[in-house]
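The chain contents come next:
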Amino acid sequence: MIRTTNLVKHYRTEEIETTALNEVNIHVPAGEFLSIMGPSGCGKSTLLNILGLIDTPNGGEYHFLDHEVSKYSEKERAKLRKENIGFVFQSFNLIDELSVFENVELPLIYTNMKGADRKKRVEEVLEQMNMMHRRNHFPQQLSGGQQQRVAVSRAIVNQPKLILADEPTGNLDTANGEDVMKILADLNKQGTTVIMVTHSPHNAEFGHRILRLLDGKVVSEDKVGQFHL
Amino acid sequence: MWRNNLVIGLRSLLKHRFFTLINTLGLSIGVACAILIGLYVQQELGYDAYNSKANRLYRLKVDLRFGDMDNELVVVPPPAASAFLQDFPEVVAAVRFRERGPWMVRPANTLKQNLQVGKTYYADSSMMDVFDMTLISGLPQAQLRKPNSLMLAKSLAVRLFGTWDVAGKQVQVDDDSVMQDITGVFEDFPVQSHFHPNILFAMAGLPESREPSWLSHNFQTYILLRDGADPKALSAKFPAMVSRYVLPQIKQYFSADVESLNSNGDHLDYYLQPLTDIHLQSSYIGEFEPGGDARYVWVFGSVGIFILLIACVNFINLSTARATGRAREVGIRKTLGSGKTELVIQFLTESIMVSVVSVFLGFLLAWLSVPVLNQVAGSSISIPFQQANLWFSLIGLTLVIGVLAGAYPSFYMAGFPLIDALKGKIQSGKSAQLFRSVLVVFQFAISIALVISTVIVNRQMNFLQNRKLGFDKDQLLVVEDVGSLRSKAASFQNEVSRLPGVTHTTRSSFLPVVGENNNNTIFWPEGKKNVESQVIMTNWRVDFDYVETLGMEMVAGRAFSKDFPTDSQAMILNETAVRTFGLTDPVGTRIITFGGEDENGQPIETPLKVIGVVKDFDYHSVNENVTPLCLMMGFRGSYQAIKVSQADARELVKGVEAAWKKVAPSQPFNYFFADDKFDRMVRNETKVGEVFAAFSLLAIFIACLGLFALAAFMVERRAKEISVRKILGSSSYQIVGLFSREFMLLVGIALLLATPIGLYLMQNWLEGFVFRINFLEVSAIAVGSAGLLSGFIALATVSSTAIRAAMANPAQNLRSE
């Protein structure tokens, strides 16, 4: 599903150039649950953003679903993104002005799905995430765990092939964090590829493989559980 | 998508209530101003367009220049209409009007009180073929055909008879023994007509209408062209017509030929004036009613657009200033697959929502202010609810405002780079800040230019009001309709002159500024009957004591006096007439004019001796150059002017009324004080100044609303900086200074930009006045007061928010970080 070759990313301020990613080569087959770990500033989030087509690399190649996407325009990336990728963020990134239902509905709106179909699909997902009873609430009225459930609902409502999670438990207590991890593991079991950035060794264990980054480079890869293509 | 956009738009607007309120308030006021001004402009531009044949209908205009006289008249000779009809196949109908009156009118054979009725005209029977009129009583074919028949406007019919269905009845005019037949009643002419007749008399009853003279100009004449006729091609034939009809008469009476006329630069040219142009281009001799002023249409039209722009700028500035706060939303939406277009549409939806609410509130506000505006400005604006155009315009206005105000912020926000937006790394860029500053300067430059204009306009109006007029309008009581007393007028005058407190009294139809003033005839000095020496001069018939009652000043010779029986053949010239005739020693000179006709129909030349020269006085209006005028003896007249020595005028009015009742118990007693009437007339111009001032203040108010919100936002964003500065020892005063300095600089730049623009425009405006204030002096005052006013208001606005921030507990802000 994902293959990168010598992926490079620099950040430039007025005087200093920082290398965020330095010739990163990874391969993620469909159906895998990959955990990415590393200290702050090692390039984890940058890698995730590039994989999620939010950011573009300065060098190297990125093959996503057999497309070489590193030179894609914003428009082309947006199309691939909305059809194939779901995002879960540490800070949930829900839109405060929209209710739970409306937040989850948002990705479907951008795929021009019909209203009745959208309603059905959103309700299905909220049911699945056990959030139906909160459908008319606004993000500020929910606990952190509930907010992240909504965010996960939003990420999967489109039935994406790939879910990218950037420290999804970072703002949650242990119980709620555990909950979210189970949901991600379940989704993976149902066939969705998951790539997750985390600081927590415990959470990383939910993956099939743990990739460790340091100063923009992949320094190790450990297999955790059983994973067969 | 739309529902989502609307929902999020609405919630976002509610969440940021303060900014929404400021935007909506500013835009609503701006929209209300724009609607009111738009209605005014539309009304002014739409005059006479209600006529179904308006595009083929023209008024004849004559441009006449002989020697020093240069006149543009919209009254033409009596035979012009029939000559145009006969000679030009393009002309399919023509109608003439001759102004007469005011008259005293009452239903025939009743003891009802007379009504004084103005705006009464003789009209040709072709009237209804040319102008759209709705006949509500009487038969169309019977109108304006027989002498002593007339048509009434509905409102007058109701006032006279209590009903409008009065065709076939009779009225008595000026207590005449001959009754006039009412052949028809017509609906009153619409407000947007350049004339509003109350009575139309059949032209057949006016012998003057059959006179063959091409040298007297007294008939307003309108011609209707056939469909598709080219008015330009028609106008090209006019010089030949002048040669055919007018020049032979000039040659006959003045022995002048075409060559000598042309060599002196003298000319007499006919023009066509489109009907729909009349209202805004009506400063000619012989107008039915004072018209509008195209300059005001332009001025107010631009003020309306500028006020709306100022309000839109508030929206743009506040939206871009707050844009960073919405960056995260932009990031999330983009991540979830939204394209730039969808985001632009989303943000535009929000601005259009604000616009919808503002246009609705603005419309409501305009609707409520219409009566107030009409009262203050003396206008007759109404909201045409039943016109589809109004609603289409409002929808159009909503979209224009929504897009105008929302376009820049929408593209600006939708253009945030995804990754930065998501990470909350969007900073208000230098270019966006510069753009905001430019817009603030723009707002204040317009406001300041408006204030400069307001000051100059109002100073000019004051100047006109207080200028020396050449006559004394104070403590001058004028009794109207004295003509209706007929033979008893003299005994009324006697009674009045005996009243204690009355110093002088005189009878005339002609009073400066407030009375009738058009009665023009050709005069020439004895022995110089050539075209160059002729002067078309206004001549007023006045009684003894005229000069004394009006408080005019004789600069040479004497006024009329009962001691000189020959004064009936004498005249008094004004200074301008003396100059125009080129007289060095005017007193004793003989001036000739035509007076009646001999048995062969030839005009008789009548000599008049100049016995005195009166100092020039304003008589047209306060804004027209004094033109040649002479006073001649006459004992008729509709006004009795009474000069009072005492201050208690009310007592005197009682005495005068008693004298009136004594001689004419059945006639209504009408009077006015000359200074009141004069003030009311000048007030028309003053009103323009007042309305202008109101709009300028609103412009400043809206600009300051924006400034207030912008300052509040800056203070909010820099709360931490303020706290750190305070902890490091900065005083509240310094902090207020820090914020105010930035904005005051912008206002200063605005002042620099606005000053030349405002002054340039006002200099042009002032050139339209014959008498005007000292421009240099008033400029200094205007710029000074505009600078101080805008500076003070801006400073007060900004510092009110800054002071609050400076007084706040710094620990609070730092803790919340």
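Residues numbered from 1 in each chain as written. Chains lettered and ligands numbered in written order. Predicted model: local features only at pLDDT ≥ 70, side-chain atom pairs only at ≥ 80, totals over all residues.

Caption draft 1: Quick peek at the overall build of chain B. Within chain B, the secondary structure is distributed over 23 helices and 24 strands. Its C-alpha atoms give chain B principal-axis dimensions of roughly 105 × 60 × 60 Å. Burial analysis of chain B (817 residues in total) assigns 42% to the buried set. Within chain B, residue pairs in contact and separated by at least 24 positions form 82% of the contacts whose partners lie at least 6 positions apart. (Helix = DSSP H or I, 4+ residues; strand = E, 2+ residues; numbered from the N terminus. Buried ≥ 20, exposed ≤ 12 C-beta atoms within 10 Å, placed from the backbone. Contact = placed C-beta atoms within 7 Å.)

Caption draft 2: Region of the structure containing the overall build of chain A. Across its full length, chain A carries seven helices and 11 strands. Against the compact-globule benchmark of 17 Å for 229 residues, chain A has a radius of gyration of 17 Å, which places it among compact chains. Taken along the three principal axes of its C-alpha coordinates, chain A extends 45 × 40 × 40 Å. The buried share among the 229 residues of chain A stands at 48%. For chain A, contacts bridging at least 24 residues in sequence account for 67% of all contacts bridging at least 6. (Rg over C-alpha atoms; globule rule 2.2 N^0.38 Å.)

Caption draft 3: Region of the structure containing helix H22 (residues 775-807) of chain B. For H22 of chain B, which comprises 33 residues, the first-to-last C-alpha distance of 46 Å matches the rise-based estimate of 48 Å (1.5 Å per residue) to within 8%. Its maximal kink placed at Ser-799 of chain B, H22 of chain B deviates by approximately 25°. (Expected span 1.5 Å × (residues − 1). Bend = angle between axes of the 7 residues up to and from the residue.)

Caption draft 4: Representation of the interface of chain B and chain A within the structure. The partner chain A presents 18 residues to the 18 residues of chain B that form the contact. Of all the secondary structure elements, the ones that give two or more residues to the side of chain B that touches chain A are helix H1 (2-15), helix H10 (327-335) and helix H13 (418-423) of chain B. For the side of chain B that touches chain A, the element with the highest residue contribution is H1 of chain B, accounting for six residues. Residue composition of the side of chain B that touches chain A, by class: eight nonpolar, six polar and four charged. (Nonpolar A, V, L, I, M, F, W, Y, C, P; charged D, E, K, R; others polar.)

Caption draft 5: Focus on the pairing of strand S8 (residues 149-153) of chain B. All names here are of chain B. The buried count for S8 comes to five of five residues, which makes it a mostly enclosed element. Neither face of S8 is left uncovered, since the one carrying Ser-149, Met-151 and Ala-153 and the one carrying Leu-150 and Leu-152 both have all their residues buried. For S8 and strand S10 (residues 180-186), the ladder comprises five bridges, and the chain directions are parallel. Within S10, the position partnered with Ser-149 by the bridge is Asp-181. Looking at chain direction, S8 and strand S11 (residues 199-202) are connected through three bridges and run antiparallel. Looking across to S11, one finds that Leu-152 is bridged to Ile-199. (Pairing = 2+ DSSP bridges.)

Caption draft 6: The arrangement of the packing of helix H2 (residues 17-45) of chain B against helix H9 (residues 294-322) of chain B in detail. All names here are of chain B. It is the contact of H2 with H9, at a shortest axis distance of 9 Å, that shows an interaxial angle of 160°. For the element pair H2 / H9, the angle class is roughly antiparallel. The two elements H2 and H9 meet at a crossing, and its hand is left-handed. (Axes fitted to C-alpha atoms, helices over the stretch in contact; angles between N-to-C directions. Parallel < 35°, antiparallel > 145°, perpendicular 65-115°, else oblique. Left-handed = near helix turned anticlockwise from the far one by under 90°.)

Caption draft 7: Region of the structure containing the sheet that holds strand S4 (residues 33-37) of chain A. All names here are of chain A. If you trace the six strands from one edge of the open sheet to the other, you get S7-S8-S9-S4-S10-S11, paired in mixed fashion. Each end of this open sheet is capped by a strand with a single partner; those strands are strand S7 (85-88) and strand S11 (217-223). Averaged over all neighbouring strand pairs, the angle between strand axes comes to 20°, with direction disregarded. Alignment of strand S8 (residues 162-166) against strand S9 (residues 193-197), held across five bridges, turns out to be parallel. Counterpart to Leu-164 in the pairing with S9 is Ile-195. Lying over the sheet, helix H1 (residues 44-51) contacts S4, S8, S9 and strand S10 (209-214), oriented at roughly 150° with respect to S9.

Caption draft 8: Representation of the packing of helix H3 (residues 100-110) of chain A against helix H4 (residues 115-128) of chain A. Residues and elements named next belong to chain A. Axis separation between H3 and H4 bottoms out at 10 Å; the angle between their running directions is 125°. Regarding the angle of H3 to H4, the classification is oblique. Helix-helix and strand crossings are classified by hand; for H3 and H4 the assignment is right-handed. Between H3, through Phe-101, Val-104, Glu-105 and Leu-108, and H4, the contact on the second element is made entirely by Arg-118, Arg-121, Val-122, Val-125 and Leu-126. For the contact of H3 with H4, the class distribution of residues is six nonpolar, no polar and three charged.

Caption draft 9: Local environment of helix H6 (residues 174-189) of chain A. All names here are of chain A. Here H6 contains 16 residues, and its C-alpha end-to-end distance of 22 Å stays within 8% of the 22 Å for a straight helix at 1.5 Å per residue. If you check which residues of H6 are buried, you get Gly-177, Val-180, Met-181, Ile-183, Leu-184, Leu-187 and Asn-188. The arc that holds the buried residues of H6, viewed along the axis, is 155°, so those residues lie on one side. In H6, the exposed residues that point more than 90 degrees away from the buried face are Thr-174, Ala-175, Lys-182, Asp-186 and Lys-189. The inward-facing, buried residues of H6 contact S4, helix H5 (144-156), S8, S9 and helix H7 (201-204). (Arc of directions from axis to C-beta.)

Caption draft 10: Expanded view of the confidence of the model for chain B. Across chain B, the average pLDDT comes to 86, with 95% of residues at or above 70. The ipTM, which scores confidence in the relative placement of chains, is 0.85 for this predicted complex, and the corresponding pTM is 0.76. (pLDDT = per-residue confidence, 0-100.)

Caption draft 11: The arrangement of the nonpolar core in detail. All names here are of chain B. Residues Ile-307, Ile-310, Ile-448, Ile-452 and Ala-699 are the most contacted members of the largest nonpolar core, which totals 171 residues. Each residue touching Ala-699, except ones within four places of it in the same chain, is listed here: Phe-306, Ile-307, Ile-310, Ile-446, Ser-447 and Leu-450. Met-571, Leu-573, Val-578 and Ala-674 belong to the second-largest nonpolar core, a separate cluster that totals 55 residues. (Core = buried A, V, L, I, M, F, W, Y, C linked by C-beta atoms within 7 Å.)

Caption draft 12: Representation of the environment of Lys-217 of chain A. All names here are of chain A. Checked against the element boundaries, Lys-217 lands in strand S11. Overall, the presence of 15 C-beta atoms within 10 Å leaves Lys-217 in the partly exposed class. C-alpha of Lys-217 to C-alpha of Thr-19: the two residues are 198 residues apart in sequence and 9.9 Å apart in space.

Caption draft 13: Quick look at unusual backbone geometry. Phi at Asp-215 of chain A takes a positive value of approximately 50°, unusual for a residue other than glycine. Located in the positive-phi region is Gln-475 of chain B, a residue other than glycine, with phi close to 50°.

Caption draft 14: Structural context of the environment of Phe-254 of chain B. Residues and elements named next belong to chain B. Of note, Phe-254 is situated in helix H7 (residues 238-254). With 20 C-beta atoms packed within 10 Å, Phe-254 lands in the buried category. When the C-alpha positions of Phe-254 and Lys-529 are compared, they lie 6.1 Å apart, and in sequence the two are 275 residues distant.

Caption draft 15: View of the environment of Thr-335 of chain B. Within the element layout of this structure, Thr-335 of chain B appears in helix H10. Assessed through the 26 C-beta atoms surrounding it within 10 Å, Thr-335 of chain B is described here as buried. Along the backbone, Thr-335 of chain B and Leu-418 of chain B are 83 residues apart, and their C-alpha atoms lie at a distance of 7.4 Å. When residues no more than four places from it in sequence are discounted, the contact partners of Thr-335 of chain B are Ile-54 and Phe-87 of chain A together with Leu-418 and Leu-422 of chain B.

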